[in-house]
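# Residue-level structure breakdown
In case you want the letters, here they are:
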Amino acid sequence: MAEDLDELGERAVTAARALARARRAAKDAFLTGAAALLEERREEVLAANAQDVAAAETAGADATALDRLRLTPARVAQMAEGLRAVAAQADPVGACGSARCGYRSGWSAWSTRTART
């Protein structure tokens, strides 16, 4: 299992680097496509989730954990809507959380948020 987690971590780092370089349109297309796919495959997602919930029950998960794990059609719809909401927001890549950005090197600069396409 540790090897699986190491591989998953490496894949996540690789994906994060690619995502950081991706253009806004590509990220938005991915997010809206994922939302559509989630809705299209809702029944498959719910069936797989039911197996996960059953396994968690067998493993002794408490009621709170089971509730967090359990998906419903409404929760799947909320997940899809959440993906669309993220796509509708301004792209935060390269933006600074405040007007003055600090850097690890110790220097800082005034920054303004600019639109990326």
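These remarks concern the structure in this document. Model, not experiment: these values are computed from the prediction. (Residues numbered from 1 in each chain as written. Predicted model: local features only at pLDDT ≥ 70, side-chain atom pairs only at ≥ 80, totals over all residues. Heavy atoms only, no water.)

## Structural notes on helix 3 (residues 42-58)
Note the cut-off: In DSSP terms, a helix is any run of H or I states spanning at least four residues, a strand is any run of E spanning at least two, and both are numbered starting from the N terminus. Here the expected length of a helix is defined as 1.5 Å per residue gap, with one fewer gap than residues. Residue contacts are defined here by distance: any two heavy atoms, one from each residue, within 4.5 Å place the two residues in contact.
Here helix 3 contains 17 residues, and its C-alpha end-to-end distance of 24 Å stays within 8% of the 24 Å for a straight helix at 1.5 Å per residue. Looking at the buried residues of helix 3, the elements they touch are helix 4 (63-69) and helix 5 (73-88). One or two residues past the end of helix 3 sits glycine 60, with phi positive at roughly 90°.

## A short note on the nonpolar core
Convention followed: Only buried residues count toward a nonpolar core. Its members are Ala, Val, Leu, Ile, Met, Phe, Trp, Tyr and Cys residues joined through side-chain atoms within 4.5 Å. The rule is simple: take the accessible area with a 1.4 Å probe, protein chains only, and divide by the maximum for that residue type; under 20% is buried, over 50% is exposed, in between is partly exposed.
Counting 5 residues, the largest nonpolar core is built from Ala35, Leu38, Leu46, Val76 and Ala80. At the level of secondary structure, the elements contributing two or more residues to this core comprise helix 2 (24-40) and helix 5. Setting aside its immediate chain neighbours within four residues, leucine 38 contacts Val45, Val76, Met79, Ala80 and Leu83.

## A few points about the pattern of salt bridges
Here is the rule: Salt bridges, as used here, are contacts in which a Lys or Arg side-chain nitrogen is within 4 Å of a carboxyl oxygen on Asp or Glu.
One pass over the full model with this rule turns up 6 salt bridges. Aspartate 28 is the partner of arginine 24 in a salt bridge, and the nearest nitrogen-oxygen pair spans 2.7 Å. Taken together, the residues arginine 24 and aspartate 28, both in helix 2 and 4 residues apart, mark about one turn of the helix. One salt bridge connects arginine 84 with glutamate 39, and the closest N-O pair in it is separated by 2.8 Å. Remark: glutamate 39 occurs in helix 2 and arginine 84 occurs in helix 5; sequence separation between them is 45 residues. Overall, arginine 84 belongs to the partly exposed group, its relative accessible area being 28%.

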